[in-house]
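Analysis of the macromolecular model
Next come the chains, spelled out residue by residue.
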Amino acid sequence: MVVISLGGSIVAGEDMNVEYLRRFRRFMDEEEEKLFIVVGGGATARRYISMGREIGMDEYSLDDIGIEATRLNARLLITPKTYPKIPENIEEGIIASKSYKNVVMGGTEPGHTTDGVALLLAEKLGEKQIINMTSVGGIYDKDPRKYENAKIIPKMSYDEAKRFFLETNMDAGLNIPFDLLALKIAERSKIKIYVVGKDIENLRRVIKNENYKGSVIE
Ligand code: UTP
(Lines give C-alpha, C1' and ligand atoms only; values in the text may rest on other atoms or scores of the structure.)
Protein backbone atom coordinates (compact mmCIF):
# COMPACT_ATOMS: atom_id res chain seq x y z
CA MET A 1 0.00 0.00 0.00
CA VAL A 2 1.26 3.49 -0.83
CA VAL A 3 0.42 6.22 1.68
CA ILE A 4 0.29 9.73 0.22
CA SER A 5 -0.19 12.98 2.09
CA LEU A 6 -1.57 15.33 -0.52
CA GLY A 7 -1.45 19.07 0.11
CA GLY A 8 -4.85 20.70 -0.04
CA SER A 9 -3.53 23.38 -2.37
CA ILE A 10 -2.75 20.67 -4.94
CA VAL A 11 -6.27 19.25 -5.16
CA ALA A 12 -8.25 22.40 -4.67
CA GLY A 13 -5.91 25.35 -4.86
CA GLU A 14 -6.99 28.91 -5.59
CA ASP A 15 -6.76 28.07 -9.29
CA MET A 16 -9.20 25.10 -9.07
CA ASN A 17 -7.28 23.16 -11.75
CA VAL A 18 -9.92 20.73 -13.04
CA GLU A 19 -7.58 19.22 -15.64
CA TYR A 20 -5.06 18.27 -12.94
CA LEU A 21 -7.85 16.85 -10.79
CA ARG A 22 -8.95 14.67 -13.72
CA ARG A 23 -5.40 13.44 -14.29
CA PHE A 24 -4.86 12.69 -10.63
CA ARG A 25 -8.10 10.69 -10.45
CA ARG A 26 -7.05 8.74 -13.55
CA PHE A 27 -3.68 8.02 -11.94
CA MET A 28 -5.48 6.74 -8.82
CA ASP A 29 -7.49 4.17 -10.74
CA GLU A 30 -4.71 3.14 -13.14
CA GLU A 31 -1.91 2.76 -10.58
CA GLU A 32 -1.33 -0.91 -9.74
CA GLU A 33 -0.51 -0.30 -6.08
CA LYS A 34 -3.27 0.21 -3.54
CA LEU A 35 -3.39 3.86 -2.51
CA PHE A 36 -4.24 5.53 0.77
CA ILE A 37 -4.43 9.28 0.26
CA VAL A 38 -4.77 11.80 3.08
CA VAL A 39 -5.84 15.18 1.72
CA GLY A 40 -5.05 18.57 3.28
CA GLY A 41 -7.29 21.58 3.73
CA GLY A 42 -5.48 24.13 1.54
CA ALA A 43 -6.93 27.57 0.94
CA THR A 44 -10.42 26.56 2.10
CA ALA A 45 -9.13 25.56 5.53
CA ARG A 46 -7.04 28.70 5.85
CA ARG A 47 -9.95 30.94 4.86
CA TYR A 48 -12.44 29.42 7.28
CA ILE A 49 -9.92 29.20 10.13
CA SER A 50 -8.97 32.85 9.76
CA MET A 51 -12.64 33.93 9.68
CA GLY A 52 -13.30 31.89 12.83
CA ARG A 53 -10.23 33.29 14.55
CA GLU A 54 -11.33 36.85 13.78
CA ILE A 55 -14.60 36.24 15.60
CA GLY A 56 -12.78 34.79 18.61
CA MET A 57 -13.34 31.03 18.26
CA ASP A 58 -11.09 28.76 20.34
CA GLU A 59 -8.24 26.89 18.62
CA TYR A 60 -9.86 23.48 19.15
CA SER A 61 -12.95 24.56 17.24
CA LEU A 62 -10.78 26.11 14.53
CA ASP A 63 -8.96 22.79 14.11
CA ASP A 64 -12.35 21.11 13.81
CA ILE A 65 -13.29 23.55 11.06
CA GLY A 66 -9.96 22.77 9.35
CA ILE A 67 -10.81 19.06 9.49
CA GLU A 68 -14.14 19.72 7.71
CA ALA A 69 -12.19 21.46 4.92
CA THR A 70 -9.80 18.51 4.53
CA ARG A 71 -12.73 16.11 4.30
CA LEU A 72 -14.43 18.33 1.73
CA ASN A 73 -11.28 18.36 -0.44
CA ALA A 74 -10.94 14.59 -0.04
CA ARG A 75 -14.39 14.07 -1.56
CA LEU A 76 -13.10 15.33 -4.90
CA LEU A 77 -10.83 12.27 -5.03
CA ILE A 78 -13.48 9.59 -4.59
CA THR A 79 -13.15 7.65 -7.85
CA PRO A 80 -14.99 4.50 -9.01
CA LYS A 81 -12.26 2.37 -7.37
CA THR A 82 -12.29 4.28 -4.08
CA TYR A 83 -14.18 3.60 -0.83
CA PRO A 84 -17.22 5.83 -1.38
CA LYS A 85 -17.09 7.53 2.01
CA ILE A 86 -14.54 9.64 3.87
CA PRO A 87 -13.46 7.57 6.89
CA GLU A 88 -13.95 9.29 10.26
CA ASN A 89 -10.76 7.84 11.69
CA ILE A 90 -7.71 5.71 10.91
CA GLU A 91 -9.35 2.43 11.98
CA GLU A 92 -12.28 2.93 9.61
CA GLY A 93 -9.83 3.79 6.85
CA ILE A 94 -7.84 0.62 7.41
CA ILE A 95 -10.97 -1.55 7.41
CA ALA A 96 -12.13 0.13 4.17
CA SER A 97 -8.74 -0.47 2.54
CA LYS A 98 -9.24 -4.23 2.90
CA SER A 99 -12.15 -4.15 0.43
CA TYR A 100 -11.28 -1.22 -1.86
CA LYS A 101 -8.28 -0.43 -4.05
CA ASN A 102 -8.13 3.18 -2.87
CA VAL A 103 -9.15 5.07 0.27
CA VAL A 104 -9.10 8.85 0.64
CA MET A 105 -9.49 10.63 3.93
CA GLY A 106 -8.91 14.00 5.56
CA GLY A 107 -8.11 14.94 9.13
CA THR A 108 -9.21 13.03 12.22
CA GLU A 109 -9.00 15.05 15.43
CA PRO A 110 -7.74 18.51 16.53
CA GLY A 111 -4.10 19.07 17.43
CA HIS A 112 -2.23 17.95 14.32
CA THR A 113 -2.33 18.17 10.53
CA THR A 114 -3.04 15.66 7.77
CA ASP A 115 0.71 14.92 7.61
CA GLY A 116 0.33 13.61 11.16
CA VAL A 117 -2.64 11.48 10.04
CA ALA A 118 -0.63 10.05 7.12
CA LEU A 119 2.24 9.07 9.42
CA LEU A 120 0.00 7.53 12.08
CA LEU A 121 -1.68 5.57 9.33
CA ALA A 122 1.65 4.38 7.90
CA GLU A 123 2.73 3.41 11.42
CA LYS A 124 -0.41 1.35 12.01
CA LEU A 125 -0.13 -0.31 8.60
CA GLY A 126 3.56 -1.07 9.12
CA GLU A 127 4.50 0.94 6.01
CA LYS A 128 8.06 2.24 5.96
CA GLN A 129 7.53 5.29 3.78
CA ILE A 130 5.03 8.01 2.97
CA ILE A 131 4.95 10.43 0.05
CA ASN A 132 4.18 14.05 0.83
CA MET A 133 3.01 16.05 -2.18
CA THR A 134 3.24 19.81 -1.69
CA SER A 135 3.05 22.79 -3.98
CA VAL A 136 6.67 23.63 -3.12
CA GLY A 137 7.93 20.19 -4.20
CA GLY A 138 10.76 19.53 -1.76
CA ILE A 139 12.65 20.91 1.19
CA TYR A 140 14.64 24.01 0.34
CA ASP A 141 17.30 25.92 2.26
CA LYS A 142 15.06 28.99 1.98
CA ASP A 143 11.59 29.75 0.66
CA PRO A 144 11.78 29.06 -3.10
CA ARG A 145 8.72 31.23 -3.71
CA LYS A 146 10.66 34.21 -2.41
CA TYR A 147 14.28 33.46 -3.27
CA GLU A 148 15.38 32.49 -6.75
CA ASN A 149 18.65 31.03 -5.47
CA ALA A 150 16.91 28.68 -3.01
CA LYS A 151 18.49 25.21 -3.18
CA ILE A 152 16.73 21.90 -2.73
CA ILE A 153 18.03 19.68 0.08
CA PRO A 154 17.82 16.13 -1.32
CA LYS A 155 18.29 14.27 1.96
CA MET A 156 17.84 15.08 5.64
CA SER A 157 17.98 13.09 8.87
CA TYR A 158 15.07 13.25 11.34
CA ASP A 159 17.22 15.31 13.72
CA GLU A 160 18.18 17.77 11.00
CA ALA A 161 14.55 18.03 9.94
CA LYS A 162 13.41 18.77 13.50
CA ARG A 163 16.11 21.41 13.98
CA PHE A 164 15.34 22.94 10.60
CA PHE A 165 11.67 22.93 11.46
CA LEU A 166 12.16 24.70 14.80
CA GLU A 167 14.42 27.33 13.25
CA THR A 168 12.37 28.09 10.16
CA ASN A 169 9.02 27.91 11.94
CA MET A 170 9.75 31.35 13.37
CA ASP A 171 10.00 32.62 9.84
CA ALA A 172 6.84 33.55 7.96
CA GLY A 173 8.03 31.63 4.88
CA LEU A 174 7.72 28.18 6.34
CA ASN A 175 9.78 25.92 4.09
CA ILE A 176 9.54 22.56 5.76
CA PRO A 177 6.11 21.22 4.95
CA PHE A 178 5.69 19.24 8.16
CA ASP A 179 4.27 19.40 11.63
CA LEU A 180 6.51 18.33 14.48
CA LEU A 181 4.21 15.51 15.58
CA ALA A 182 4.46 13.99 12.11
CA LEU A 183 8.25 14.12 12.29
CA LYS A 184 8.30 12.48 15.70
CA ILE A 185 6.14 9.60 14.52
CA ALA A 186 8.30 9.16 11.44
CA GLU A 187 11.37 9.03 13.64
CA ARG A 188 10.07 6.57 16.22
CA SER A 189 8.94 4.10 13.57
CA LYS A 190 11.69 4.86 11.02
CA ILE A 191 9.27 5.90 8.28
CA LYS A 192 10.85 7.72 5.34
CA ILE A 193 9.13 10.90 4.20
CA TYR A 194 9.50 11.68 0.51
CA VAL A 195 8.65 15.32 -0.22
CA VAL A 196 7.72 15.93 -3.86
CA GLY A 197 5.70 18.31 -6.00
CA LYS A 198 2.45 17.77 -7.88
CA ASP A 199 3.96 16.12 -10.97
CA ILE A 200 2.26 12.72 -11.44
CA GLU A 201 5.12 11.15 -13.45
CA ASN A 202 7.51 12.08 -10.66
CA LEU A 203 5.10 10.50 -8.16
CA ARG A 204 5.14 7.28 -10.20
CA ARG A 205 8.94 7.30 -10.08
CA VAL A 206 8.93 7.53 -6.27
CA ILE A 207 6.46 4.64 -6.09
CA LYS A 208 8.67 2.53 -8.38
CA ASN A 209 11.82 3.43 -6.46
CA GLU A 210 13.33 5.23 -9.43
CA ASN A 211 15.17 8.56 -9.57
CA TYR A 212 12.81 11.35 -8.58
CA LYS A 213 12.87 15.08 -8.02
CA GLY A 214 12.36 16.15 -4.40
CA SER A 215 13.67 15.49 -0.90
CA VAL A 216 13.63 12.65 1.58
CA ILE A 217 13.72 12.69 5.38
CA GLU A 218 15.11 9.42 6.71
P1 UTP B 1 -3.77 20.52 6.80
O2 UTP B 1 -3.26 19.17 7.03
O3 UTP B 1 -4.03 20.96 5.42
O4 UTP B 1 -2.85 21.57 7.58
O5 UTP B 1 -5.09 20.70 7.66
P6 UTP B 1 -1.59 22.45 7.20
O7 UTP B 1 -0.41 21.57 7.06
O8 UTP B 1 -1.56 23.51 8.25
O9 UTP B 1 -1.94 23.09 5.80
P10 UTP B 1 -0.95 23.31 4.55
O11 UTP B 1 -0.41 21.94 4.21
O12 UTP B 1 0.10 24.26 5.04
O13 UTP B 1 -1.85 23.86 3.50
C14 UTP B 1 -5.74 21.96 7.76
C15 UTP B 1 -6.07 22.28 9.20
O16 UTP B 1 -7.05 21.36 9.71
C17 UTP B 1 -6.80 21.05 11.07
C18 UTP B 1 -5.62 21.92 11.48
O19 UTP B 1 -6.14 23.15 11.97
C20 UTP B 1 -4.89 22.16 10.17
O21 UTP B 1 -4.09 23.32 10.19
N22 UTP B 1 -6.56 19.58 11.23
C23 UTP B 1 -6.26 18.80 10.17
C24 UTP B 1 -6.69 19.00 12.48
O25 UTP B 1 -6.95 19.69 13.48
N26 UTP B 1 -6.55 17.64 12.60
C27 UTP B 1 -6.25 16.84 11.56
O28 UTP B 1 -6.14 15.60 11.73
C29 UTP B 1 -6.09 17.45 10.30
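Quick caveat, the model's predicted, so the values are computed rather than measured.

1. Things to note about the nonpolar core
Counting residues in each nonpolar core, the largest one holds 57 residues, and the members touching the most others are Phe-24, Ile-37, Leu-77 and Met-133. The contact partners of Leu-77, leaving out residues within four places of it in the chain, are Leu-6, Val-11, Leu-21, Phe-24, Arg-25, Met-28, Ile-37, Val-39, Thr-82 and Val-104.

2. Brief notes about the side chain of Asn-202
Secondary-structure assignment places Asn-202 in helix α9 (residues 200-207). Once you skip the residues sitting within four places of it in the chain, Asn-202 turns out to touch Val-196, Tyr-212 and Lys-213.

3. Here's the deal with the site of the ligand
The environment of the ligand is formed by 18 residues, the closest being Gly-41, Asp-63, Glu-109, His-112 and Thr-114. At 2.5 Å, a side-chain N or O of Thr-114 approaches an oxygen atom of the ligand. In isolation the ligand offers 570 Å² of accessible surface; the protein chains occlude 76% of this area. Secondary structure elements with two or more residues in the shell around the ligand: α3 (42-54), α4 (59-75) and α6 (114-125). Considering each element in turn, the shell around the ligand owes the most residues, 4 residues, to α4. Looking at the shell around the ligand, its residues break down into 5 nonpolar, 10 polar and 3 charged.

4. Some thoughts on the packing of helix α5 (residues 90-99) against α6
At a minimum axis distance of 11 Å, the contact between α5 and α6 shows a crossing angle of 55°. Compared by their axis directions, α5 and α6 come out oblique. Relative to α6, α5 is oriented so that their crossing is right-handed. Contacts between α5 and α6 involve Ile-90, Glu-91 and Ile-94 from the first element and Val-117, Leu-120, Leu-121, Lys-124 and Leu-125 from the second. Of the residues that constitute the contact of α5 with α6, the class distribution is 6 nonpolar, no polar and 2 charged.

5. A closer look at the side chain of Lys-101
Of note, Lys-101 is situated in the loop between α5 and β3 (102-105). Of the buried charged residues, Lys-101 lacks a salt bridge, with Asp-29 as the closest side chain of opposite charge at 5.6 Å. Polar side-chain contacts of Lys-101 include one of 3.0 Å to the backbone oxygen of Glu-33.

6. A few points about the pairing of strand β2 (residues 35-39)
It is a general feature of regular strands that their side chains alternate between the two faces of the sheet. With 5 of 5 residues buried, β2 is to be regarded as a mostly interior element. Side chains of β2 alternate between two faces, with Leu-35, Ile-37 and Val-39 and Phe-36 and Val-38 buried alike. Pairing geometry for strand β1 (residues 2-6) and β2, over 5 bridges, is parallel. Paired with Val-2 across the strands is Leu-35, a residue of β2.

What counts as what
- Residues numbered from 1 in each chain as written.
- Predicted model: local features only at pLDDT ≥ 70, side-chain atom pairs only at ≥ 80, totals over all residues.
- Heavy atoms only, no water.
- Core = buried A, V, L, I, M, F, W, Y, C linked by side-chain atoms within 4.5 Å.
- Buried < 20%, exposed > 50% of the residue type's maximum accessible area, 1.4 Å probe, protein only.
- Contact = heavy atoms within 4.5 Å.
- Helix = DSSP H or I, 4+ residues; strand = E, 2+ residues; numbered from the N terminus.
- Near = heavy atom within 4 Å.
- Polar contact = N/O pair within 3.5 Å; in protein donor to acceptor, adjacent residues only side chain to side chain.
- Areas by Shrake-Rupley, 256 points an atom, 1.4 Å probe, with all protein chains shown as cover.
- Nonpolar A, V, L, I, M, F, W, Y, C, P; charged D, E, K, R; others polar.
- Axes fitted to C-alpha atoms, helices over the stretch in contact; angles between N-to-C directions.
- Parallel < 35°, antiparallel > 145°, perpendicular 65-115°, else oblique.
- Left-handed = near helix turned anticlockwise from the far one by under 90°.
- Lys, Arg positive; Asp, Glu negative; His and termini not counted.
- Salt bridge = Lys/Arg side-chain N within 4 Å of Asp/Glu carboxyl O.
- Pairing = 2+ DSSP bridges.

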